[in-house]
Amino acid sequence: MGALSAWMPVSFQGDSMRPTLIPGDRLLVKRSQSDTKYQRGDIIVFRDPRDSSGPLIIKRIVGLPKESIRASRLVYVNGQLLTEPYLEGLVDQFDGSARGVNRIGNTSYFVMGDNRSASTDSRDFGVIDESKIFGRAVLRYLPIARARKLKRYH
Amino acid sequence: MNFNQISVALQRIVNPEITVQGHCDVPCGIYDPKDAQLAAETVEKMMTLMDGIDAGSKATRNSFIRYVAAKELHAEKVKHEVRIIWGDYFKPEHLEKFPDLHAKVWQIMKTASACRQGAEVTDAVNLRQQVDEFADMFWATKS
């Protein structure tokens, strides 16, 4: 079972990852290994940092260790506006108010939901240390019609 | 693996025991068309006041200018509030229920602009009615 336990099927709930994920989607999560490296754009699963017995949460990495992040609905990394193809142009450019200005630590990640106006994420609860990351959502296997590998962007 | 083990494994894949949350602390109730409706009513009220004023004196001219300023502000607010609900709240399944949603929003944008550009009370009345219809669509998706 060793190889199998590296993979975890999960059911997705909530609206904060629209349009990428829709409630009811079934995802396959690849568990973190000691040598796992995460990239910007990866969709990761972690425990709610405010509640160690709370739910598992899923968000997308937008900021990497040591980067400077300024995030409202849009994201600025080291002062540059981040290009985010997965948002499919749905973010309203009207709201430019930044919050959650951060210099990310050496082993932490800044995560956000794709549905920027309906997501509680690093803008609220801060960065996620890599030790708290459960794994990365690799593919959606149900519903069949939308079954596909979840794209990596960098 | 025997049949039972395979069956359990399949069950686990189709209905995983673990749920991951696309988490949002803020309830969906943060979306509410009442701000847009209130702004549209304000536009109508200001237009009506503009119609009824004789801007001959310094004091009445001052009032007239204030009505115009409030009309401008609230017509733009209507556009902003409607855009937020349209862009952030409505989902594809809502569009199936209200295929004319996009046309309605487009109409509101145009009418609100007409309210800014002109001084016809009928434009303001149309704007209020259109925003009310938009609000009806919103609440219908909640029921």
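Scroll up to find the structure this text is about.
Trainee: Please clarify how the overall build of chain B should be interpreted in this entry.
Mentor: Scanning chain B from terminus to terminus reveals 6 helices and 1 strand. In chain B, the share of contacts with a sequence separation of at least 24, taken over all contacts with a separation of at least 6, comes to 70%.

Trainee: Help me understand the interface of chain B and chain A, please; the structure alone is not making it clear to me.
Mentor: How large an interface is tends to be reported as the accessible area lost when its parts come together. Taken residue by residue, the interface counts 15 residues in chain B and 25 residues in chain A. Of all the secondary-structure elements, those providing two or more residues to the side of chain B that touches chain A are helix 1 (3-14), strand 1 (18-21) and helix 3 (58-89) of chain B. Looking at which element gives the most residues to the side of chain B that touches chain A, the answer is strand 1 of chain B, with 4 residues. As paired elements, strand 1 (residues 7-13) of chain A and strand 1 of chain B share 4 bridges and run parallel to each other. Paired with Ser11(A) across the strands is Thr19(B), a residue of strand 1 of chain B.

Trainee: What should I look at first to understand the pairing of strand 5 (residues 68-71) of chain A in this one?
Mentor: When a strand is regular, its side chains alternate between the sheet's two faces. All names here are of chain A. Burial along strand 5 is one-sided: Ile69 and Ala71 are buried, while Ser68 and Arg70, pointing the other way, are not. Note: strand 5 against strand 6 (residues 75-77), 3 bridges, orientation antiparallel. Bridge assignment links Ile69 to a residue of strand 6, and that residue is Val77. What sits between strand 5 and strand 6 in their antiparallel hairpin is a turn of 3 residues.

Trainee: Explain the packing of helix 5 (residues 101-117) of chain B against helix 6 (residues 121-142) of chain B here, please?
Mentor: For any two helices packed against each other, the geometry is given by the interaxial angle and the distance between the axes. Residue and element names in this part refer to chain B. For the pair helix 5 and helix 6, the least separation of the axes is 9 Å and the interaxial angle reads 150°. On the basis of the axis angle, helix 5 is roughly antiparallel to helix 6. Both helix 5 and helix 6 take part in a crossing whose hand is left-handed. Listed contacts from helix 6 to Leu101, Lys104, Val105, Gln107, Ile108, Thr111, Ala112, Ala114 and Cys115 of helix 5 are Asp123, Ala124, Asn126, Leu127, Gln130, Val131, Glu133, Phe134 and Met137. Taken together, the residues that form the contact of helix 5 with helix 6 break down as 11 nonpolar, 4 polar and 3 charged.

Trainee: When you look at the environment of Lys34(B) in this model, what are you seeing that I'm missing?
Mentor: Topologically, Lys34(B) is positioned in helix 2 (residues 34-51). A sequence separation of 101 residues divides Lys34(B) from Ala135(B), and the C-alpha atoms of the two residues are 7.7 Å apart.

Trainee: Teacher, can you tell me more about helix 1 of chain B here?
Mentor: Structurally, the α-helix is built with 3.6 residues per turn, so residues lying three or four positions apart point the same way. Here helix 1 of chain B contains 12 residues, and its C-alpha end-to-end distance of 17 Å stays within 8% of the 16 Å for a straight helix at 1.5 Å per residue. Of all the 12 residues making up helix 1 of chain B, 0 are buried; the element is thus mostly uncovered.

Trainee: Even after reading the chapter, I still don't get the environment of Val10(A), so can you show me in this structure?
Mentor: Inspection of the secondary structure puts Val10(A) in strand 1. Residues Val10(A) and Arg26(A), 16 residues apart in the sequence, show an inter-C-alpha distance of 5.7 Å. Aside from chain neighbours lying at most four places away, what touches Val10(A) is Leu27(A), Val29(A), Pro16(B), Ile18(B), Thr19(B) and Val20(B).

Trainee: Help me understand the nonpolar core in this model?
Mentor: Note on soluble globular proteins: their nonpolar side chains tend to be buried together. If you look at the biggest cluster of nonpolar residues, it comprises 30 residues, and the most contacted ones within it are Val29(A), Ile44(A), Val45(A), Ile58(A), Tyr109(A), Phe110(A) and Val111(A). Looking at this core, the elements that each hand over two or more residues are strand 1, strand 2 (26-31), strand 3 (43-47), strand 4 (56-63), strand 5, strand 9 (108-112) and strand 11 (133-142) of chain A. Contact partners of Val45(A), with chain neighbours within four places excluded, come to Val29(A), Leu56(A), Ile58(A), Phe134(A), Gly135(A), Ala137(A) and Val20(B). Val43(B), Ile108(B), Cys115(B) and Ala124(B) belong to the second-largest nonpolar core, a separate cluster that totals 20 residues.

Calculation rules
Residues numbered from 1 in each chain as written. Chains lettered and ligands numbered in written order. Predicted model: local features only at pLDDT ≥ 70, side-chain atom pairs only at ≥ 80, totals over all residues. Helix = DSSP H or I, 4+ residues; strand = E, 2+ residues; numbered from the N terminus. Contact = placed C-beta atoms within 7 Å. Pairing = 2+ DSSP bridges. Buried ≥ 20, exposed ≤ 12 C-beta atoms within 10 Å, placed from the backbone. Axes fitted to C-alpha atoms, helices over the stretch in contact; angles between N-to-C directions. Parallel < 35°, antiparallel > 145°, perpendicular 65-115°, else oblique. Left-handed = near helix turned anticlockwise from the far one by under 90°. Nonpolar A, V, L, I, M, F, W, Y, C, P; charged D, E, K, R; others polar. Expected span 1.5 Å × (residues − 1). Core = buried A, V, L, I, M, F, W, Y, C linked by C-beta atoms within 7 Å.

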